[in-house]
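Fold and contact review
Here's the letter readout for the chains.
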Amino acid sequence: MDIKGSVVFVTGANRGLGLAFVHGLLAAGAKKVYAGARDPATISLPGVQTVKLDITNPADVLAAAKLASDTNILINNAGILAPGAFLGENGAAASRRQLETNFFGTLAMAQAFAPILHENGGGAMVNVLSVLSWLNLPPIGSYCASKAAAWALTNGLRNELRGNRTLVVGVHAAYIDTDMAKHVDGPKTKPEEVVRQALEAIELGREEVLSDDITKKVKLELNAELPVYVREWGK
């Protein structure tokens, strides 16, 4: 589908990758961009319609869906990272908090907007995931688990929405040059590049975006380790 002329809802749109999505969509000719954030006053970008949205708040999600009933592309970008190992002092609390946002919040948005996308011709749903969907790092084990769950959710939504002609795109990346990774040394991908690839995937009908060399290598190694029948069955 074409980005030009589309109506797009972006969650977590006030900074980082979400803000880059808003800029990229406007530059690509989107007709309308809804920019969701817990505090919409933090979004001062002209040409967008701000929406108060905490994706863990059912009332916010339902209100957003009612307001943005003309949406045909949903960008599920909102997410949090709370450092903590599973066996650390706050391991359980951090796991619950991140699953509430990164998994259940994304699920709530999908449930609210899937019927809207269907009514508007199918459209597309983009879920921002991570290379850590396939890896686990002890200092942020619960975050990795939440992204693994979000990946499984994305695969399930893709199967359930295919009959509605809704494209479901999973966007995987290693470090992105945003505040979330500001304390990390090593190569980082510009958020604008991640957005470019994600929008290209929508227009070309691609279901997966591997945004950088690290992500591509990890996915290749993951596929190589899977038995052939699993790889074929999972297509």
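On a predicted model such as this, the values are computed, not experimentally measured, just so you know. (Residues numbered from 1 in each chain as written. Predicted model: local features only at pLDDT ≥ 70, side-chain atom pairs only at ≥ 80, totals over all residues. Heavy atoms only, no water.)

Right, let's talk about the packing of helix α2 (residues 58-67) against helix α3 (residues 91-119) for a bit. Viewed as axis vectors pointing N to C, α2 and α3 meet at an angle of 20°, and their least axial separation amounts to 10 Å. For the element pair α2 / α3, the angle class is roughly parallel. In this structure, α2 meets α3 at a crossing whose hand is right-handed. From α2, Val 61, Ala 64 and Ala 65 reach across to α3, where they touch Ala 108, Met 109, Ala 112, Phe 113 and Ile 116. Along the lines of polarity and charge, the residues of the contact of α2 with α3 split into eight nonpolar, no polar and no charged. (Axes fitted to C-alpha atoms, helices over the stretch in contact; angles between N-to-C directions. Helix = DSSP H or I, 4+ residues; strand = E, 2+ residues; numbered from the N terminus. Parallel < 35°, antiparallel > 145°, perpendicular 65-115°, else oblique. Left-handed = near helix turned anticlockwise from the far one by under 90°. Contact = heavy atoms within 4.5 Å. Nonpolar A, V, L, I, M, F, W, Y, C, P; charged D, E, K, R; others polar.)

A few words now on empty space enclosed by the protein. Summed over all chains, the structure comprises one cavity of 30 Å³ or more. Of the pockets and cavities examined, the largest cavity occupies roughly 70 Å³. If you list the elements that add at least two residues to the lining of the largest cavity, you get α3, β5 (124-128) and α4 (141-161). With four residues, the single largest contributor to the lining of the largest cavity is α4. (1 Å grid on protein atoms, 1.4 Å probe; cavity = no way out; pocket = protein on both sides within 12 Å on 5 of 7 lines; lining within 4 Å. Points joined across faces, edges and corners; volume = space filled by probe spheres on them.)

Right, let's get into the environment of Lys 219. As for its placement among the helices and strands, Lys 219 is situated in helix α6 (residues 213-225). For the pair Lys 219 and Ser 146, spaced 73 residues apart in sequence, the C-alpha to C-alpha distance is 18 Å.

Let us look at the pairing of strand β6 (residues 167-172). When you tally the buried positions in β6, you get six out of six residues, the bulk of the element. Where burial is concerned, the two faces of β6 agree: the one with Leu 167, Val 169 and Val 171 and the one with Val 168, Gly 170 and His 172 are both buried. Taken together, the five bridges between β5 and β6 define a ladder with parallel strand orientation. Among the inter-strand pairings, Val 126 is bridged to a residue of β6, identified as Val 169. Between β5 and its parallel partner β6, the chain crosses via α4, and the hand of that crossover is right-handed. Where β6 lies against strand β7 (residues 208-210), three bridges are found, and the strand directions are parallel. Each bridged residue has a counterpart across the sheet, and for His 172 the counterpart in β7 is Leu 210. (Buried < 20%, exposed > 50% of the residue type's maximum accessible area, 1.4 Å probe, protein only. Pairing = 2+ DSSP bridges. Right-handed = clockwise from strand over helix to strand, strands pointing away.)

Further remarks concern the packing of helix α1 (residues 16-27) against helix α5 (residues 191-204). Put simply, α1 and α5 touch, their axes get as near as 9 Å, and they point 55° apart. Here α1 lies oblique to α5, going by the angle between them. For the pair α1 and α5, the crossing hand works out as right-handed. Contacts between α1 and α5 pair Leu 17, Ala 20, Phe 21, Gly 24 and Leu 25 from the former with Pro 191, Glu 192, Val 194, Val 195, Ala 198 and Leu 199 from the latter.

Here we take up the side chain of Ser 95. Turning to its location among the elements, Ser 95 is positioned in helix α3. We classify Ser 95 as buried; its relative accessible area is 15%. If we skip the residues at most four places from it in the chain, Ser 95 touches Phe 86 and Ser 142.

The parallel open sheet is built from seven strands, whose spatial order is β3-β2-β1-β4-β5-β6-β7. Of all strands in the sheet, those bounded by a partner on one side alone are β3 (49-52) and β7. Strand-to-strand twist in this sheet, taken as the mean axis angle between neighbours without regard to direction, amounts to 15°. Contacts between α1 and the sheet are confined to β1 (7-10), β2 (32-37), β4 (73-76) and β5, with β1 contributing the most and set at about 170° to the helix.

Let us look at the confidence of the model for the protein chain. A residue-level look at the protein chain finds 93% of positions with pLDDT of 70 or above and a mean pLDDT of 93. Low pLDDT, under 50, characterises residues 229-235; the stretch is placed with three contacts to residues that sit more than four places away or in other chains. (pLDDT = per-residue confidence, 0-100.)

Once that is clear, we can look at the packing of aromatic side chains. Aromatic ring pairs are defined here through the distance separating the ring centres and the angle between the ring planes. Applying the stated criterion across every chain, the model contains four aromatic pairs. Relative to Tyr 34, the ring of Phe 9 lies with its centre 5.8 Å away and its plane at 25°, an arrangement referred to as stacked. Linking Phe 9 in strand β1 with Tyr 34 in strand β2, this pair joins segments that are 25 residues apart in sequence. You'll find Phe 9 and Tyr 34 in the same group, each marked buried. Centroid distance Trp 134 to Trp 151: 5.7 Å. Interplanar angle 85°. Geometry classified as edge-to-face. Residue Trp 134 is located in the loop between β5 and α4, and its partner Trp 151 is located in helix α4; the two are separated by 17 residues in the primary sequence. Its relative accessible area of 12% is what places Trp 134 among the buried residues. On the basis of relative accessible area, Trp 151 is assigned to the partly exposed category, the value being 24%. Of the aromatic side chains, those joined through ring pairs into one cluster are Phe 9, Tyr 34 and Phe 113. (Phe/Tyr/Trp six-rings, centres within 6.5 Å; stacked < 30°, edge-to-face > 60°.)

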